[in-house]
Amino acid sequence: QLARIQTDSVVEMLRELYPDLHFEIAVAMSTTGDKILDTALSKIGEKSLFTKELENALERNEVDLVVHSLKDLPTSLPPGFTIGAVCKRENPLDAVVFHPKNCGKTLSLLPEKSVIGTSSLRRAAQLKKKFPHLEFRDIRGNLNTRLKKLDEKEDFSAIILAAAGLRRMGWENRIGQLLSPEDCLYAVGQGALAVEVRAKDQEILNMVSALHDADTVLRCIAERAFMKRLEGGCSVPVAVNTVLKDGQLYLTGAVYSLDGSDSLKETMQTSVHYPQQNEDGPNDDVQRVGITAKNVPGQAQEAAENLGVELASLLLSKGAKHILSVARQLNDAR
């Protein structure tokens, strides 16, 4: 349902921009990640869990564009594909949805040993450290399924979800607590929608590039570059927070051990205040961490990418590789 709402919202924007074109939404497809619901995401270990089947359809020319949650897309796309648009970001923060009996509470007010559901190692690692009196357990399924599991059983006192998904579904009233970046840094690309296209398809690429939101593009390039340099993915807790203000891009990035006891966190900034130049020619289609953003100044994109790489390198120099490899081994052994 959420995937359909996200796709509809992108198609709606395209219809407004191109009223003469006819857009047809292909039948919704199930992906590997949708089908394997009895295993933690971090254990399935496949980078393209929610994207591979859709890319196959793109490759076979059955569809011309695919709408994803950007956080589901690996930092390197398979050859021949690119992210042709990153739409304006919805709130990227994580949200707590409480069991009806805990309505009005916050995580800190929940009783000792209350069980919190999340399938994200990143959320669990940060929140275990912050709220040691709580227990964290895997919960899988789409938003509807997870909310049903929460409401109809007594297994969970609360679950953690992305605020963006709840808002898109029109379930904002279920958000009992928004977790600030101080409580919980969010996932790379969280809250942003990406439109994936064939890299060689100039016509489609030009068409969807009108949907790019420049601020979101720069923030997400920095976040994805940070993740790529760390070689992070579903199976390790990597988290970020970005702010773009007065031409300055601030990136906070962190890595965590699985129980949150060991962590590294730093913030860096760079200027992304560059005018758009007419960069005609081959530079048009430079891909940065999988994103082709024709209408965002190239120098600003480069600065954002460098910021992510430099911040990751700083954490690596302080021992991030060890934290992440231990997290990966422990997760594999679970």
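See the structure printed just above.
For every chain, the first residue of its written sequence is number 1, and the numbers climb from 1 along that sequence. Residues qualify for local features only when their pLDDT is at least 70, as the model is predicted, and side-chain atom pairs are given and counted only at 80 or more; totals for whole chains, interfaces and linings, by contrast, use all residues. With hydrogens and water stripped out, all remaining heavy atoms of the structure feed into the side-chain values.

A. Main features of the sheet that holds strand S7 (residues 177-179). At least two bridges found by DSSP between two strands is the condition for calling them paired. Strands here mean DSSP runs of E at least two residues long; helices mean DSSP runs of H or I at least four residues long; both are numbered from the N terminus. Spatial ordering of the open sheet is given by S5-S4-S6-S3-S7, a layout of five strands whose pairing is mixed. Edge strands, defined here as strands with exactly one partner in the open sheet, are strand S5 (135-137) and S7. Put simply, the sheet's adjacent strands are angled 30° from each other on average, direction ignored. In this structure, strand S3 (residues 94-98) lies alongside strand S6 (residues 158-162), joined through five bridges in antiparallel fashion. Looking across to S6, one finds that Ala95 is bridged to Leu161. Two residues form a contact once any of their heavy atoms are found within 4.5 Å. A fitted line through C-alpha atoms represents every axis, and for helices the fit uses only the stretch in contact; the resulting angles, taken between N-to-C directions, go from 0 to 180 degrees. Sheet strands in contact with helix H5 (residues 121-130) are S3, S5, S6 and S7, and its direction is about 125° off that of S6. Sitting on the sheet, helix H6 (residues 143-152) is in contact with S3 and S6, with an inclination near 165° to S6.

B. Seen up close, the pairing of strand S2 (residues 81-86). Burial status follows relative accessibility: with a 1.4 Å probe on protein chains alone, a residue under 20% of its type maximum counts as buried, one over 50% as exposed, and anything between as partly exposed. Among the six residues in S2, six count as buried, and that is most of the element. Where S2 meets strand S8 (residues 193-198), five bridges bridge the pair, whose relative direction is antiparallel. In the sheet register, Thr82 faces S8, and the bridge partner there is Val197.

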